[in-house]
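Coordinate inspection notes
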Amino acid sequence: MTPPPVITAAAPDSFTTAMAPDLIASAPDLPDLFRPVRLRRGLWGFARRHPAIAIGGALVLAMLLIALFAPWLGTVDPTALAPARRTREPSAAYWFGSDMLGRDIYSRVLYGTRVSLAVGFSVAILASLAGLTIGLVSGFIRRADGLIMRVMDGLMSIPPILLAVALMALTRGSVGNVITAITIAEIPRVSRLVRSVVLSLREQPYVDAAVAAGTRTPMIILRHILPNTLAPMTVQATYVCASAMIVEAILSFIGAGTPPTIPSWGNIMAEGRALWQVKPYIVFFPAAFLSVTVLAVNLLGDGLRDALDPRMAKRL
Amino acid sequence: MLNYVIRRILATIPVMAVVALFVFSLLYIAPGDPAAVIAGDQATPADVERIRASLGLDRPFLIRFGEWVWQILHADLGTSIFTNLPVAAMIAQRIEPTLSLMAVTLVFAVSIAVPIGVVAAWRADTIIDRAIMAFAVLGFSVPVFVIGYLLAYVFALQLDWLPVQGYTPLSEGLEPWIENLILPALALGCVYIALIARTTRAAMLEVLQQDYIRTARAKGIGQPGILFVHALKNAAVPIVTVIGIGIALLIGGAVVTETVFAIPGVGRLTVDAILRRDYPVIQGVVLLFSFIYVVVNLLIDLLYTVLDPRIRY
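Keep in mind the model is a prediction, meaning the values are calculated, not measured.

Scanning chain B for helices and strands turns up 13 helices and 0 strands. Of the regular secondary structure in chain B, the N- to C-terminal order runs α-α-α-α-α-α-α-α-α-α-α-α-α. A principal-axis box enclosing the C-alpha atoms of chain B has dimensions of 80 × 55 × 40 Å. Scored against the burial criterion, the 313 residues of chain B give a buried share of 39%. Intrachain contacts of chain B at a sequence separation of at least 6 include 73% that bridge at least 24 residues.

So, on to the overall build of chain A. Counting its regular elements, chain A contains 13 helices and 0 strands. Written out in order from the N terminus, the α and β elements of chain A read α-α-α-α-α-α-α-α-α-α-α-α-α. Evaluated residue by residue, chain A yields a buried proportion of 41% over its 316 residues. Partitioning the intrachain contacts of chain A with sequence separation of at least 6 by distance along the chain shows that 67% fall at a separation of at least 24.

This part is about the interface of chain A and chain B. In this assembly, 40 residues from chain A lie in contact with 48 residues from chain B. Breaking the side of chain A that touches chain B down by element, the ones donating at least two residues are helix H6 (142-156), helix H7 (160-169), helix H10 (217-253) and helix H12 (281-308) of chain A. The element best represented in the side of chain A that touches chain B is H12(A), accounting for 9 residues. Tallied by class, residues from the side of chain A that touches chain B come to 28 nonpolar, 7 polar and 5 charged.

Mapping Asp33(B) onto the fold places it in the loop between helix H1 (2-29) and helix H2 (34-39). Considering only alpha carbons, one finds Asp33(B) and Val48(B), 15 residues apart in sequence, at a separation of 9.6 Å.

Counting 164 residues, the largest nonpolar core has Ala164(A) and Ile196(B) as the members making the most contacts within it. Of the residues forming this core, the biggest block, 18 residues, is contributed by helix H8 (residues 174-208) of chain B. With sequence-adjacent residues up to four places away left out, Ile196(B) is seen in contact with Ala109(B), Val110(B), Ala113(B), Val114(B), Gly117(B), Ile239(B), Val242(B), Ile243(B) and Gly246(B).

Residue and element names in this part refer to chain B. Even without being a glycine, Ala262 presents a positive backbone phi close to 50°. Within the secondary structure, Ala262 sits in the loop between helix H11 (236-260) and helix H12 (266-276). Positive phi values are uncommon outside glycine, yet Arg277 reaches one of about 50°. Along the chain, the position of Arg277 falls in the loop between H12 and helix H13 (279-307). The exposure class of Arg277 is buried, given the 20 C-beta atoms found within 10 Å.

In this section: helix H8 (residues 175-202) of chain A. Along an α-helix, residues three or four apart share an orientation, since each turn contains 3.6 residues. Along its 28 residues, H8(A) runs 39 Å from first to last C-alpha, staying within 8% of the 40 Å computed at 1.5 Å per residue. At Glu186(A), H8(A) shows its strongest bend, of approximately 35°, with the proline Pro188(A) following within four residues.

Residue and element names in this part refer to chain A. Here Met100 shows up in the loop between helix H4 (51-68) and helix H5 (105-140). On the basis of neighbour counts, which here come to 14 C-beta atoms within 10 Å, the residue Met100 falls in the partly exposed class. Separated by 14 residues in the primary sequence, Met100 and Arg86 have C-alpha atoms spaced 4.9 Å apart.

The rules we used
- Residues numbered from 1 in each chain as written.
- Chains lettered and ligands numbered in written order.
- Predicted model: local features only at pLDDT ≥ 70, side-chain atom pairs only at ≥ 80, totals over all residues.
- Helix = DSSP H or I, 4+ residues; strand = E, 2+ residues; numbered from the N terminus.
- Buried ≥ 20, exposed ≤ 12 C-beta atoms within 10 Å, placed from the backbone.
- Contact = placed C-beta atoms within 7 Å.
- Nonpolar A, V, L, I, M, F, W, Y, C, P; charged D, E, K, R; others polar.
- Core = buried A, V, L, I, M, F, W, Y, C linked by C-beta atoms within 7 Å.
- Expected span 1.5 Å × (residues − 1).
- Bend = angle between axes of the 7 residues up to and from the residue.

In structure tokens, the structure reads:
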């Protein structure tokens, strides 16, 4: 495309130059409004356009690989006791030190990645599916809407951590029960979001058109509603994942989460609690891993939000 | 207006009813036998029976629920399985540190978050804005106990400026009370500050584009006047809303913060109750905090009409 002629001020023009040479000379170079479009392709181009997705995604991928390949990353049995070598400082033999039972913290932290990611991803998927179902029913069946939303209001007024604590107090500690408890605490927020998206989509002209054309409700949901809920749902799912990992760590930390026999970041920190003033590294390493992982998932979520909904990007 | 207030207060009744029903039915819908889980692995069948009877699990659900609601309406939250003390009295004994912690956090979080949110909106898309928003993402990502340990390590252990742990009641003087609460409140406040700052920025960005802001500027009102009087006033509703919603974060976070800083509050009570599987105590704590949360948000709803006279019901 050829740039319009008005843009460049520095172009020599015999008439104006003769009139006021100083003025022209001091006129600033105006920015070129139509910069040549440089197509950025490939992975690098994508990373340049969406740095948050790239950084967050890369970190999440790294954590996934750590979780998958934990046994081959120089770890030993994370539950092996060695009372004679307890509370060693970080060294060549114990990269992150050893805890008060002589277990290798490096191995425990790496294996702990598995619990955190499993809980985060499972809760994100389960809460999204349940929230999607409840939100769709609530948005389409007017008679059910009032009742469902009152129940969701009630559940939402219980602070999520307390809700999970109450559920965990009545069941035997296991990773499955932790996932269930956190999922129940997260469902109301997701269903609310889906419901509000469904209600606004129902007013769209193309939905009216489909209704007028005689499309049946299940088909309308499948064709017109569901695809449009996917973008906000994906963004919400990443935030649910991040919050689930924090809640899991908190539950384990206060003794209401993953059973102590399974190494999880919250458990390692709970065990380091009594000694943290003299042996801060026991708490430090799992804390750092947890923070970096949650940060990565949040970055991914922010990046997805900006990429999928440019209108929101300007506001938040 | 009065009509609205009454309707809004009545609307909280079904919400609290759902909370009560949910917390109560957990005993019945939990997988396995809750009485056996609570009694623990070393319990004899007689122990399990005793717990079953004290929880009322041997009687029909509806009758038991009716009795229980009647008790709660008379401020009786039941009896602890472990100590045999009334739950309401146990909570009352421990409530001061928790309320102190939450109040101090609330005050200082709001007084930090709102100004930095305003500045971020004013300097939108500059390095200052980016830095504040980056801090907000960090605040969302670093869990409260990690911040707690970090602060305690730096400011208490290394620099020795503040006490590491513990709590001093307000009756023993303002200074020791606040000294013990600074680090816990900072730790607990991080997520809350991030949340409020983000919302403040978003609300302010919207308001700063309005015509009346341009008019105010044309009249010659200075930047601080525009930001903190004209704009902030009109951005108040979403900010106040998120302050209310965020109370849930404070309540959940208080349990953890009290554990990190060894504060003998309701959070510690909850953690001890989890270890002993003292369900009546947990039930009482959940009910009380949900009630506080609902009431706070009710008050905020009623505050809308004061903040924005355009809102009429």
